[in-house]
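# Report on the structure
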Amino acid sequence: MHLSISRAVNQSMNLNPSRLRTFNLSIAITAAAVICILTLTVGHVDAQKVRLRSQLTPNCTPPNGSANLKFADIHADGNIAVQGSYNCRGVFIYDLTNPDAPVLASVYDPSPRQAFLEAVVVGNRGYFGSGGPFPNSAPNSGDGVHIVDLTNPYAPVLLGKVNAASGNGFNGIHEMVVHGNYLIENYNSTSNKTLKVIDISNPSNPVFKWDFSPIDPLWVHAVHVRGNRMYTSGWNGRLEIYDLTNLAAQPPVLIGSILGNFYNHSAWTSEDGNYLYSCRETLDGDLRVYDVRNASQPMLVRSMKTSELGLNAVSPHNPVVMGNYLYISWYQAGVQVFDLTDPTLPRHVAQYDTYQRAFAPPAEGEDLRAVADAAPWDMVCGASNIQNALPNNYEGNWAIFPFLGQNRILAGDMASGLLVLDASAVSAPLRNRVSDFDGDGKTDFSVFRPASGAWQVETSGNAAETTRNFGLAGDVLVTGDYDGNGRSEFAVFRPSDGIWYLQTGPSTYSETHWGLAEDIPVAADYDADGRTDIAVFRPSNGVWYILQSTLGIRVVQWGFGSDKPVLGDFEGDGKADIAVWRPSEGIWYILQSSSSLPKYYQFGMLGDRPLSGDFDGNGITDFAVFRPSSGAWYITDPSAGTARGFQWGLGDDIPIPADYDGDAKADITVFRPSSNEWYRVSSIDGSVHQRAFGQAGDRPSPASVQPK
């Protein structure tokens, strides 16, 4: 592999641009390939695009089946949301008046108890579809569709039922659609492919209208309606298009179909109805794009497999289109978001992982010794404390509902219940924030003065200088955005008492006891809620202790005592990954937050300093090292297949890469303690900048996010 190396021609770092030159240097870089690792990314997913606002997991003890498969479909209207059940029973009804603190208003759980797979709310009326007493067996023992008045969501009132005895409906349904005054439903088993249409204008007296049999020879899993067209997803491979214009006088009229492939799960059209996005529920299932402008001759134009997108999940589940974005609940991969600017080529732009990895730390003094003695590959493949391998079942994100607005998207996770997400930043430019005290998206010149405990900051927005006393000589800088307001707070960790001190206002501060004297602070946003989380890495046992601001305490063992913890989002999901760099081998070990696949990469050598930064602005932290012996920087982004080198700095310099010019790319920058000089190469145009800022003994604040 050849790296383009830019070199400053003398060690005094003469800043005359005419004296910079570029040449090629052949460097062998080993990307360690081990048999249990697969790291594949097609396209780039911008980090920090989807933020968790809140999560509510109702108390539920499944009477049968896995505890990871408790909840099912989700739907909402206004401030009322409803969520179906899988191994739980009943329907969970939420009050979303405050989306940052949703309330479980009630649980609709009539006798006999049912697994209500489907839950829909239109206005103040709920439609709850029973799959039967069990989610995947004995559907004919179910109780059909319950129509419920939700005017007061805290006290739901049954208005009527649609079942075999009332309206000639199914007793057990798998999926349904409410289309005006009509209910369209299927049976909860492939033993019956008939679809039913029932007039529900009077909930207490439903009127059967039509039975019709799709041409798919096996079963229709789901239907989607836009306007007067209905699209069916055939389990045996047939996608069909029907006209519903005169549903009162005749059953749906077939106007076109196409034979795709087995296990079509569900589909959704673009806003203009010209394209159909279909998901197949099978191992390595795909997203398919069909041109349906001519309904009589639909055409397949694209297929995107789970593996081709670099997602670690069994398959996609439910696609939904709102505006120019396609949202897909993708089981273990959580919520995936695609830009439809080109409707034939969905562009993967964001994601949020609803699926929490199962990880069981070993008991103290038991398996810790085994982990400490493990070979490097055991950290990734063989250690018994890693409980997850490749997913082989259907867990994680079941449903997605974006129609309350981009800042109030609902996700239904089978284990976690309701999640409220904010995706309003999907179309916003990415920000690579480090020590940004004025919230303008640029890193500010900022230092901490141990001798006096003073911070000196020059904000980039207006060049105003601020001095703030906050901290003591032995404190460790942990600058971050702890309240989610888009601006960095003055913050320190005090090893002598294990307390974090965060300045929350000009004259107010908070303190949190979290850590021991030996701990290394690793503050970052681990739950993607837009707030920096308090966290430490304990070298004596290799355990990460994370106080997540929304999802609570997380304890994970990852790394050895001599490892250097690295802060970064190495997969672009907006969450900080748990990662270490092992100096003795130059190997990066990454426990990805949205995947059960650890990442293992060899980059660097003994004596290097690992760095944290996104140097190409794609939302993914790059592998990077600074080599003090030569002043060289080596940077690679495996997802983009790029690598480069740059000579910038002296052996005693402190590397502080960050986004100083606001282009979402980390600039190659060093701080020289001997002269308090900042030397930076702009990622915008390659121009070089020199600036003296600070006094002797000062510590640069941007260094707070670099490995200690």
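Computed from a predicted structure; not experimentally measured.

### As for the overall build of the protein chain
A count of helices and strands for the protein chain gives two helices and 54 strands. A separation threshold of at least 6 residues defines the contact pool for the protein chain, and within that pool the share at least 24 residues apart is 48%. Carbon together with sulfur atoms contributes 50% to the accessible area of the protein chain, which is approximately 26,100 Å² in total.

### Describing the sheet that holds strand β35 (residues 491-494)
Strand order in this open sheet of four strands is β34-β35-β36-β37, and the pairing throughout is antiparallel. This sheet does not close on itself; its edge strands, each paired only once, are β34 (476-477) and β37 (508-513). The pairing of β34 with β35 spans two bridges and is antiparallel. Counterpart to Val476 in the pairing with β35 is Phe493.

### Notes on the pattern of salt bridges
What the rule picks out here adds up to 23 salt bridges. Arg53 is the partner of Asp100 in a salt bridge, and the nearest nitrogen-oxygen pair spans 2.8 Å. On the criterion of sequence distance, the pair formed by Asp100 in the loop between β6 (91-95) and β7 (103-108) and Arg53 in strand β3 (residues 51-56) is long-range, its members being 47 residues apart. Using a relative accessible area of 41% as the deciding quantity, one classes Asp100 as partly exposed. The buried category is assigned to Arg53, whose relative accessible area is 16%. A salt bridge links Arg672 to Asp653; the shortest N-O distance between them is 2.8 Å.

### So, the sheet that holds strand β40 (residues 543-548)
If you trace the four strands from one edge of the open sheet to the other, you get β38-β39-β40-β41, paired in antiparallel fashion. Two strands close off the open sheet at either side, each with one partner strand: β38 (520-521) and β41 (552-557). Pairing of β38 with strand β39 (residues 534-538) involves two bridges; the strand directions are antiparallel. Note that in β39 the partner of Pro521 across the bridge is Val536.

### Details of unusual backbone geometry
At the junction of Ser111 and Pro112, the peptide bond is cis and its omega measures out at 0 degrees in the coordinates. Note that Pro112 resides in the loop between β7 and β8 (116-122). Backbone geometry places Ala138, a non-glycine residue, at a positive phi of 50 degrees. Along the chain, Ala138 falls in the loop between β9 (125-130) and β10 (145-149). In this structure Ala138 comes out as partly exposed when scored by relative accessible area, which is 38%. Non-glycine residue Ala463 carries a positive phi angle of around 60 degrees. Tracing the backbone shows Ala463 in the loop between β32 (454-458) and β33 (465-469).

### Describing the environment of Ala222
Positionally, Ala222 belongs in strand β16 (residues 220-226). For Ala222, a relative accessible area of 4% gives the class buried. Taking the C-alpha atoms as reference points, Ala222 and Glu185, 37 residues apart in sequence, are found 8.5 Å from one another. Those residues in contact with Ala222, other than ones at most four positions away along the chain, are Glu175, Asn186, Tyr231, Thr232, Ser233, His265 and Ser266.

### Things to note about the state of the cysteines
According to the stated counting rule, one finds one disulfide in the structure shown. Between the sulfur of Cys60 and that of Cys88 lies a disulfide, 1.6 Å long from S to S. When the S-S torsion is -110 degrees, as for the bridge of Cys60 with Cys88, the disulfide is left-handed. Of this pair, Cys60 sits in the loop between β3 and β4 (71-77) while Cys88 sits in the loop between β5 (80-85) and β6, and the two are 28 residues apart along the sequence.

### Some words on the nonpolar core
Side chains of a nonpolar character, in soluble globular proteins, are inclined to be buried together. Judged by nonpolar contacts, the single largest core of 27 residues is most densely connected at Val522, Tyr526, Trp544, Trp558, Ile578 and Trp678. Among the secondary structure elements, those contributing two or more residues to this core are β39, β40, β43 (578-582) and β44 (587-591). When sequence neighbours within four positions are dropped, the list of residues in contact with Tyr526 reads Asp533, Ala535, Trp544, Ile546, Gln548, Leu567, Lys575, Ala576, Asp577 and Ile578. By size, the runner-up hydrophobic cluster in this structure holds 24 residues, among which are Leu117, Tyr331, Trp398 and Phe401.

### Overview of the pairing of strand β29 (residues 409-413)
Burial within β29 is extensive, with five of its five residues counted as buried. Bridge count between strand β28 (residues 397-401) and β29: four bridges; the pairing is antiparallel. Paired with Asn397 across the two strands is Asp413, which belongs to β29. A loop of three residues connects β29 with strand β30 (residues 417-422), the two strands running antiparallel in sequence.

### Things to note about the environment of Gly323
The topology assignment puts Gly323 in the loop between β24 (318-322) and β25 (325-329). Overall, Gly323 belongs to the partly exposed group, its relative accessible area being 39%.

### Description of the packing of aromatic side chains
Each aromatic ring pair is specified by the distance between its two centres and by the angle formed by the two planes. Applying the stated rule across the entire model yields 37 aromatic pairs. Taking the centre distance of 6.3 Å and the plane angle of 75 degrees together, the rings of Trp678 and Phe693 count as edge-to-face. Pair noted here: Trp678 is in strand β52 (residues 677-681) and Phe693 is in the loop between β53 (688-692) and β54 (699-700), with a separation of 15 residues, a long-range link. Each member of the pair, Trp678 as well as Phe693, carries the same accessibility label: buried. One aromatic cluster is present, built from ring pairs that chain together Phe570, Trp581, Trp588, Tyr601, Phe603 and Phe623. Of note, Lys196 hangs over the ring of Phe170, and the distance from its end group to the ring centre comes to 5.0 Å.

### A closer look at the confidence of the model for the protein chain
Overall, the predicted model of the protein chain reaches an average pLDDT of 87, with 87% of residues at or above 70. Here residues 358-390 is a poorly scored stretch, pLDDT under 50, and it has 55 contacts once near neighbours within four places are set aside; other chains count.

Reading guide: rules and limits
Residues numbered from 1 in each chain as written. Predicted model: local features only at pLDDT ≥ 70, side-chain atom pairs only at ≥ 80, totals over all residues. Heavy atoms only, no water. Helix = DSSP H or I, 4+ residues; strand = E, 2+ residues; numbered from the N terminus. Contact = heavy atoms within 4.5 Å. Areas by Shrake-Rupley, 256 points an atom, 1.4 Å probe, with all protein chains shown as cover. Pairing = 2+ DSSP bridges. Salt bridge = Lys/Arg side-chain N within 4 Å of Asp/Glu carboxyl O. Buried < 20%, exposed > 50% of the residue type's maximum accessible area, 1.4 Å probe, protein only. Disulfide = S-S within 2.5 Å. Core = buried A, V, L, I, M, F, W, Y, C linked by side-chain atoms within 4.5 Å. Phe/Tyr/Trp six-rings, centres within 6.5 Å; stacked < 30°, edge-to-face > 60°. Lys NZ or Arg CZ within 6 Å of the ring centre and 35° of its normal. pLDDT = per-residue confidence, 0-100.

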